[in-house]
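A look at the structure
Chain by chain, the residues run as shown.
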Amino acid sequence: MSYKTLINCTIITMEESSKFFPDGMIIIRDNIIESISKTNISDTKGEIFDMSGKIVLPGFINTHTHTHSPLFRGIADDLYLMDWLKNYMWPAERFITAEDAYNATKLSCLELTEAGITTYADQFYYSESIANAAIESGLRAFIAPTVFTNPSPETDNTFEEARKFIEKHINKSEETLIYPCIGPHAIYSCNKNTLVDVRDLALEHDLIVHIHISETIDENDDCFKNTGMSPTQYLNKLGVLKCKTLAAHSIHIDEEDRKIYRDNNVKVSYNPVSNLKLVSGYLNYKELKDSDIDISLALDGVQSNNSFDILSDLKTGILIQKMKYNDPTLLSAYDALKLITIEAAKCLYMEDKIGSIKVGKFADLTIIDTSRANMNPLHLESFNMVTSAIVYSANSADVSDVIVNGEFIYKDRISLKLSRDKVYSECAKSSKRILSSISYFSEKI
Ligand SMILES: [Zn+2]
């Protein structure tokens, strides 16, 4: 058994009964939180880490992303979603190899780590390569092989590829930190038979179905034209929503859809910066919340966000909502933090394991250093000031340390898992090769 103790921490637990320890101590036994208390040097166990001036939070959780996406960072900006997807992203994705997906995922994992993210949910092809990169990074990864009716760059049969990945990785999560899911891309890219196959496989293995739903008004209009139903009604009719469903976006859903979401316990992943950049619309946060639907906040891919700074996106995401409802009291900083911690854990059906600092949960912790100018003055004994500083003042650059499954993977702003220079150069090589084979991209580089 191995122990480590964090002392002199300012702890926000995200647990209602004991939210705040201004002079706290956390003892970690192997990968589990053993105790949380006031700092008492005589009670420490194992190696001691002094966290004076630092805020310790549950590890941040990003419920929707595409980790191959740094291959297209800074390319194809300023476009409408369907133009961007059909004329730029999907054609470009045809050139991606397994090695490119692996290289890009390592860069994504490095950036996610630097942002304080300890768990993420991904959707793309080449899941085996993506899982290998995730394992090297030390992050907890919910990997959904994308299922598409048409062939992908990897295979002519995305469903069979997904099945192979799932059957290989199922029930090994506690050892590998890889949690297999399934990712039917959307109702417009998967036909009825594909969706039914996905449903059956997901029910058989109790998998999370990670899918884009009602991201744009065009998706809804086309679905109404083709089926006479909204995307949500259509998926409900096919029985897909009987599965554990993680619905990315869910922007254009109406009252009837919300009732279906609530009745089927569908979880929402809100991706504000991607939605802003692709002008997809505003999430109806208040109506979803009033309907008792679980909501988390996420990053989407670098192609539609350009960076993985979840604290910056959290600030943007909640400010949009306050403006939309003309109500600055809509969410407190503490409520906002739930969207990337405990509420996000619920969206991955993992609230009993991650999402808060609680005895018995996995030791996944994000540590924020308060020494930069943007974090000062800050009275660490004040719960309100500390939560405000995290949500409204901090960004990725303030994350100093990250612990996943009881192990430091990022310490004093240095990754202990991935070599920065190597990761940068390998991803640059992949990106250059892909972009130079496509004329409209090669003109830009
Ligand atoms: Zn997406």
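Residues numbered from 1 in each chain as written. Predicted model: local features only at pLDDT ≥ 70, side-chain atom pairs only at ≥ 80, totals over all residues. Heavy atoms only, no water.

Looking now at the environment of Glu 128. Relative to the helices and strands, Glu 128 resides in helix α3 (residues 127–137). Ignoring anything within four residues of it in the chain, the contact list for Glu 128 reads Phe 165, Lys 168 and His 169. In terms of polar contacts, Glu 128 uses its side chain to reach the side chain of Lys 168, at 3.1 Å. (Helix = DSSP H or I, 4+ residues; strand = E, 2+ residues; numbered from the N terminus. Contact = heavy atoms within 4.5 Å. Polar contact = N/O pair within 3.5 Å; in protein donor to acceptor, adjacent residues only side chain to side chain.)

Right, let's talk about the domain arrangement of the chain for a bit. Taken domain by domain, the chain comprises domain 1 (3–58 + 362–415) and domain 2 (60–347). Placing the centre of domain 1 and that of domain 2 at their C-alpha centroids yields a distance of 29 Å. At the interface, 29 residues of domain 1 touch 33 residues of domain 2. Taken as a group, Met 14, Val 391 and Tyr 392 account for 29% of the area that domain 1 buries against domain 2, more than any other trio of residues on that side. In this structure, the connection of domain 1 to domain 2 is made through two salt bridges. (Domains from an automatic or database assignment. Buried area = accessible area lost by both parts, 1.4 Å probe. Salt bridge = Lys/Arg side-chain N within 4 Å of Asp/Glu carboxyl O.)

Attention now goes to the nonpolar core. Judged by nonpolar contacts, the single largest core of 115 residues is most densely connected at Ile 12, Ile 55, Phe 60 and Ile 182. The two domains that each donate at least three residues to this core are domain 1 (3–58 + 362–415) and domain 2 (60–347). When near neighbours in sequence (up to four residues on either side) are disregarded, Phe 60 contacts Ala 115, Gly 116, Ile 117, Thr 118, Thr 119, Ile 310, Leu 311, Leu 337, Ile 340, Thr 341, Thr 366 and Ile 368. (Core = buried A, V, L, I, M, F, W, Y, C linked by side-chain atoms within 4.5 Å. Buried < 20%, exposed > 50% of the residue type's maximum accessible area, 1.4 Å probe, protein only.)

Below, the discussion takes up the state of the cysteines. By definition, a disulfide links two cysteine residues through a covalent bond between their sulfur atoms. Under the definition given, this model contains zero disulfides. The closest cysteine sulfur to the non-disulfide-bonded Cys 223 is located on Cys 190, 12 Å from its own sulfur. A relative accessible area of 3% places Cys 223 in the buried class. (Disulfide = S-S within 2.5 Å.)

The next subject is the coordination of the zinc ion. At this site the zinc ion is bound by His 64 (NE2), His 66 (NE2), His 212 (NE2) and Asp 300 (OD), with donor distances of 2.1 to 2.5 Å. Coordination at the zinc ion is irregular, judged from the four donor atoms that bind it and the angles of 85 to 173 degrees they form at the metal. Site description for the zinc ion: donor spacing in sequence, H-x1-H-x145-H-x87-D. Placement of His 64 in strand β6 (residues 60–65) and of His 212 in strand β11 (residues 208–213) is noted, with a sequence separation of 148 residues between them. One exposure class covers both His 64 and His 212, and it is buried. (Donors = N, O, S within 2.8 Å, 3.2 Å for Na, K, Ca; no water. Tetrahedral: all angles 85-135°; square planar, octahedral: opposite > 155°, others 65-115°.)

Attention now goes to the packing of helix α12 (residues 310–324) against helix α15 (residues 383–393). Across the interface, α12 lies against α15 with an axial gap of 7 Å and an inter-helix angle of 95 degrees. Accordingly, the angle class assigned to the pair α12 and α15 is roughly perpendicular. Between α12 and α15, the residues in contact are Leu 311, Leu 314, Lys 315, Ile 318, Leu 319 and Lys 322 and Ile 390, Val 391 and Tyr 392, respectively. Residue composition of the contact of α12 with α15, by class: seven nonpolar, no polar and two charged. (Axes fitted to C-alpha atoms, helices over the stretch in contact; angles between N-to-C directions. Parallel < 35°, antiparallel > 145°, perpendicular 65-115°, else oblique. Nonpolar A, V, L, I, M, F, W, Y, C, P; charged D, E, K, R; others polar.)

Turning to helix α4 (residues 158–169), a few remarks are in order. Between the first and last C-alpha of α4 there are 17 Å, a value that for twelve residues agrees with the 16 Å anticipated at 1.5 Å per step. Contacts from the buried residues of α4 go to α3, β8 (140–147), α5 (173–176), β9 (178–180) and α6 (192–205). Measuring from the backbone nitrogen of Phe 159 back to the side-chain oxygen at the start of α4 gives 3.3 Å, which picks out Asn 157 as the cap. Phi for Asn 171, located one or two positions after α4, is positive at around 70 degrees. (Expected span 1.5 Å × (residues − 1).)

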